[in-house]
Amino acid sequence: NAGVTQTPKFRVLKTGQSMTLLCAQDMNHEYMYWYRQDPGMGLRLIHYSVGEGTTAKGEVPDGYNVSRLKKQNFLLGLESAAPSQTSVYFCASRQTTQNTEAFFGQGTRLTVV
Amino acid sequence: GENVEQHPSTLSVQEGDSAVIKCTYSDSASNYFPWYKQELGKGPQLIIDIRSNVGEKKDQRIAVTLNKTAKHFSLHITETQPEDSAVYFCAASRTYSNYQLIWGAGTKLIIKP
């Protein structure tokens, strides 16, 4: 049982380049989230999805786009990377009913130079 | 909006001693309070959670207490061991907000041998 898998684990981008981070979960969870984690700032929500075909903005959505074409996958896109987007990105998923545990991927360390 | 404050940002304790991490929240409608542990290079993992209809919950060496009147909750780790060294995050969530988790900034716990 893989849980939540993020691809890639590491990436270096030049300013202005684009890339897509992939999150896949095999637990049939409805809710999926993308966070960024920066030193001293905890986890900040970028975008989230409450089901296939739906997405919504979180706390820090600017510069990112997302898609949830399949229930098990949640993609995070950077159209034109900026140094301020250097961070560690985490994907998480949760079941819908009541407040339940969020399962996290291992993270993607992104550096924009 | 909802805000969660976490203290201290760093906590260093002698192996075998107890550690206490505190969080306060602003939204009185919050009703779910999980604690996550993040080891180096990994995603956060749930270690214990508490709901608003309970004042205390224990799981072996870990306990969480909740004071709804004061809007704060705490994580207690007794008989600390080297493997307890990690970053700990508190969070708060409420029904009817798509169960979004609002996170504290994290506490780096260091266990000294």
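This section reports on the structure supplied with the text.

### Topic: the overall build of chain B
Each helix and strand counted, chain B has 0 helices and 11 strands in total. Ordered by position from the N terminus, the helices and strands of chain B form the series β-β-β-β-β-β-β-β-β-β-β. Its C-alpha atoms give chain B principal-axis dimensions of about 45 × 30 × 20 Å. When burial is assessed residue by residue, chain B has 43% of its 113 residues classed as buried. Within chain B, contacts between residues at least 6 apart in sequence are counted, and of these 53% link residues at least 24 apart. For chain B, the exposed area adds up to about 5700 Å²; of that, 47% sits on carbon and sulfur atoms.

### A short note on the state of the cysteines
All names here are of chain A. Applying the stated criterion across every chain yields a total of 2 disulfides over all chains. Covalent S-S linkage joins cysteine 23 and cysteine 91, the inter-sulfur distance amounting to 1.9 Å. Taking the sign of the S-S torsion, -75° for the link of cysteine 23 and cysteine 91, the bridge is left-handed. Pair noted here: cysteine 23 is in strand β3 (residues 19-25) and cysteine 91 is in strand β9 (residues 87-94), with a separation of 68 residues, a long-range link. Residue classification places cysteine 23 among the buried residues on the basis of a relative accessible area of 0%.

### Notes on the environment of Lys71(B)
Residues and elements named next belong to chain B. Structurally, lysine 71 is set in the loop between β7 (62-67) and β8 (72-77). Leave out the neighbours within four places in its chain, and lysine 71 touches Cys23, Thr24, Tyr25, Ser26 and Ser28. Among the polar contacts listed, one links the side chain of lysine 71 to the backbone oxygen of serine 26, at a separation of 3.1 Å.

### A short note on the interface of chain A and chain B
Taken together, the 22 residues of chain A in the interface contact 21 residues of chain B. In this assembly, chain A packs against chain B so that about 1700 Å² is buried in total across both faces, 51% of it on carbon and sulfur atoms. Our count for the chain A to chain B interface comes out at 0 salt bridges. Inspection of the chain A/chain B interface yields 3 residue pairs in polar contact (both at pLDDT 80 or more). At the level of secondary structure, the elements contributing two or more residues to the side of chain A that touches chain B comprise β4 (31-37), β5 (43-49) and β9 of chain A. No other element matches the 4 residues that β4(A) contributes to the side of chain A that touches chain B. A class-by-class count of the residues in the side of chain A that touches chain B yields 11 nonpolar, 9 polar and 2 charged.

### Overview of the layout of surface pockets
Quantified by volume, the largest pocket comes out at close to 720 Å³. Lining the largest pocket are 32 residues; nearest its centre among them are Gln37(A), Arg109(A), Gln38(B), Leu40(B) and Gly41(B). At the level of secondary structure, the elements contributing two or more residues to the lining of the largest pocket comprise β9 and β11 (108-112) of chain A together with β9 (86-92) and β11 (107-112) of chain B. The leading source of residues in the lining of the largest pocket is β11(B), at 4 residues. Within this model, the second largest pocket holds a volume of roughly 450 Å³. Breaking the lining of the second largest pocket down by element, the ones donating at least two residues are β5 of chain A together with β10 (102-103) of chain B.

### Some thoughts on the sheet that holds strand β1 (residues 4-7) of chain A
All names here are of chain A. Here we have 4 strands laid out as an open sheet, ordered β1-β3-β8-β7, and antiparallel in their pairing. Edge positions in the sheet fall to β1 and β7 (64-67), since each of these pairs with one other strand and no more. Mean inter-strand twist for the sheet, computed between neighbouring axes without regard to direction, equals 20°. Pairing between β1 and β3: 4 bridges, direction antiparallel. By the bridge assignment for β3, valine 4 is matched with glutamine 25.

Calculation notes
Residues numbered from 1 in each chain as written. Chains lettered and ligands numbered in written order. Predicted model: local features only at pLDDT ≥ 70, side-chain atom pairs only at ≥ 80, totals over all residues. Heavy atoms only, no water. Helix = DSSP H or I, 4+ residues; strand = E, 2+ residues; numbered from the N terminus. Buried < 20%, exposed > 50% of the residue type's maximum accessible area, 1.4 Å probe, protein only. Contact = heavy atoms within 4.5 Å. Areas by Shrake-Rupley, 256 points an atom, 1.4 Å probe, with all protein chains shown as cover. Disulfide = S-S within 2.5 Å. Polar contact = N/O pair within 3.5 Å; in protein donor to acceptor, adjacent residues only side chain to side chain. Buried area = accessible area lost by both parts, 1.4 Å probe. Salt bridge = Lys/Arg side-chain N within 4 Å of Asp/Glu carboxyl O. Nonpolar A, V, L, I, M, F, W, Y, C, P; charged D, E, K, R; others polar. 1 Å grid on protein atoms, 1.4 Å probe; cavity = no way out; pocket = protein on both sides within 12 Å on 5 of 7 lines; lining within 4 Å. Points joined across faces, edges and corners; volume = space filled by probe spheres on them. Pairing = 2+ DSSP bridges. Axes fitted to C-alpha atoms, helices over the stretch in contact; angles between N-to-C directions.

That is the geometry; function is a separate question.
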